[in-house]
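A closer look at the structure
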Amino acid sequence: MVRKVCLAVMALAVLVPALSAQTVDEIIAKNVDARGGMEKLKSIKSIRTTATMTMGPGMEAPGVMVQKRPEMARLEFTIQGLTAVQAYDGSKAWQIMPFMGKKDPELMSGDETKEMQETADLDGPLVDYKAKGNTVELLGKEKVEGTDAYKLKVTLKNGDVQTMFIDADSFLEIREETKRMVRGTEREFESSIGDYKDVSGIIFPFAVESGIKGTDQKQKITISKIELNVPAEDSIFKMPPPAPAAAAPPAGTPKTDPPKADVPKADPPKPPNQ
C-alpha cells in the first residue's frame, strides 16, 4: 500500500507541470477567442490608434500610435503646441523630444528600447508566447475590484515581467502590473483596462488608467478611434537624419533658447498592446 501511495505521489508530481501548462494555454486560448479569434487577430497588418492622454488637471496630450507587422511602432503626441515622436523600426528605438529644447532625433536608452519593442508587438505577449521566447505561469485567481480574475505572470524574452489579470468570465484583460526601469530606478506600474468595443469583429480596450503602483499619480488614455490595416510606409518608423543647421544670426543678435513646455516628469503612457 505504501509503495502504491508513493508511486501515485510521484505520478502526480510528474503530471502537475503538464496540468498547469494546459490550464495556462486554455486561459490564453479563451482570451484570444474573446478578442475575436486567432484568424482575425493575425489578419491585422497595421493599427492606427487615435487617443488623448490626460496627465493631470488641464494637461492633455492628443496622440496617434501606428503599429505595423512584424515589429514596428510610432507614437506622436502633442503637449502645449510641441509634438514629440517615439518610434521603433524593428531594430532601433529613437525619439524626438522638443520639451527639452531638442529638435533632432536621438536613440532611446536600453530600457526605453525594450518598452518600444513590447509596444511594437501587435498581438501582445500571450499570443504565440512560446515562439516569442516568453514564459507564462498561472498564479491562481484574485479579486480585481470585486471581479474574479486569473493572475498570469508573463516573463518576456528580454527579462521584463508583466502580471496580467484576465477576467474569469469575459476572459479579457482588466489589469496589468509591470516592473520597469525609469532613469536607472526600478518602478512598478499598474494599469486598469476597460471600455472594450468591437472594431471589425475584433475587441479592443478604449480606456486605460495607469500610474506608479501605490500612488495617486494616474494618467488616463481615452481612445477615440482604432483603424485596422491602414497604409503605413516602413520609412515612417526609421530614424531621420538631424535637422539642417540653422544659419548663424548676425553678430550682436541676442541668443534665445528654444521654448520648453511645462510637462510632467513622468513618461507619457502609451496605448496598450493590442
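Because the structure is predicted, anything quoted here is derived from the model rather than measured.

Moving on: the overall build of the chain. Within the chain one finds three helices and 13 strands. A sequence separation of at least 24 residues applies to 47% of the contacts in the chain between residues at least 6 apart. Of the roughly 15,300 Å² that the chain leaves accessible, carbon and sulfur atoms contribute 55%.

With that out of the way, let us pick up the pairing of strand β8 (residues 147-155). Pairing geometry for strand β7 (residues 135-144) and β8, over eight bridges, is antiparallel. Bridge pairing links E142 to A149 in β8. Hairpin remark: β7 followed by β8, antiparallel, with two residues in the connecting loop; positive phi at E145, about 50 degrees. Between β8 and strand β9 (residues 161-167), which pair antiparallel and follow one another directly, the connecting turn spans five residues, one of which, G159, has a positive phi of 100 degrees.

Glancing now at the side chain of E176. Here E176 shows up in strand β10 (residues 173-182). Beyond its immediate sequence surroundings of up to four residues, E176 is in contact with Q162, T163, M164, F189, E190, S191 and I193.

The subject of this paragraph is helix α3 (residues 110-119). Three or more residues of α3 are buried, namely T113, E115, M116, E118 and T119. Elements that come into contact with the buried residues of α3 comprise β2 (59-68), β3 (72-79), β4 (82-88), β5 (93-96), β9 and β10.

Right, let's get into the pattern of salt bridges. Across all of its chains, the model carries 18 salt bridges by this definition. For K213, the salt bridge identified is with E188, shortest N-O distance 3.7 Å. Note that K213 is positioned in the loop between β12 (202-212) and β13 (218-228) and E188 in strand β11 (residues 185-199), a separation of 25 residues in sequence. Judged by its relative accessible area of 36%, K213 is partly exposed. E188 gets classed as partly exposed once you look at its relative accessible area, which sits at 29%. By sharing partners, the salt bridges in this structure join K42, R69, D123 and D128 into a single network.

Thresholds, definitions, all that
Residues numbered from 1 in each chain as written. Predicted model: local features only at pLDDT ≥ 70, side-chain atom pairs only at ≥ 80, totals over all residues. Heavy atoms only, no water. Helix = DSSP H or I, 4+ residues; strand = E, 2+ residues; numbered from the N terminus. Contact = heavy atoms within 4.5 Å. Areas by Shrake-Rupley, 256 points an atom, 1.4 Å probe, with all protein chains shown as cover. Pairing = 2+ DSSP bridges. Buried < 20%, exposed > 50% of the residue type's maximum accessible area, 1.4 Å probe, protein only. Salt bridge = Lys/Arg side-chain N within 4 Å of Asp/Glu carboxyl O.

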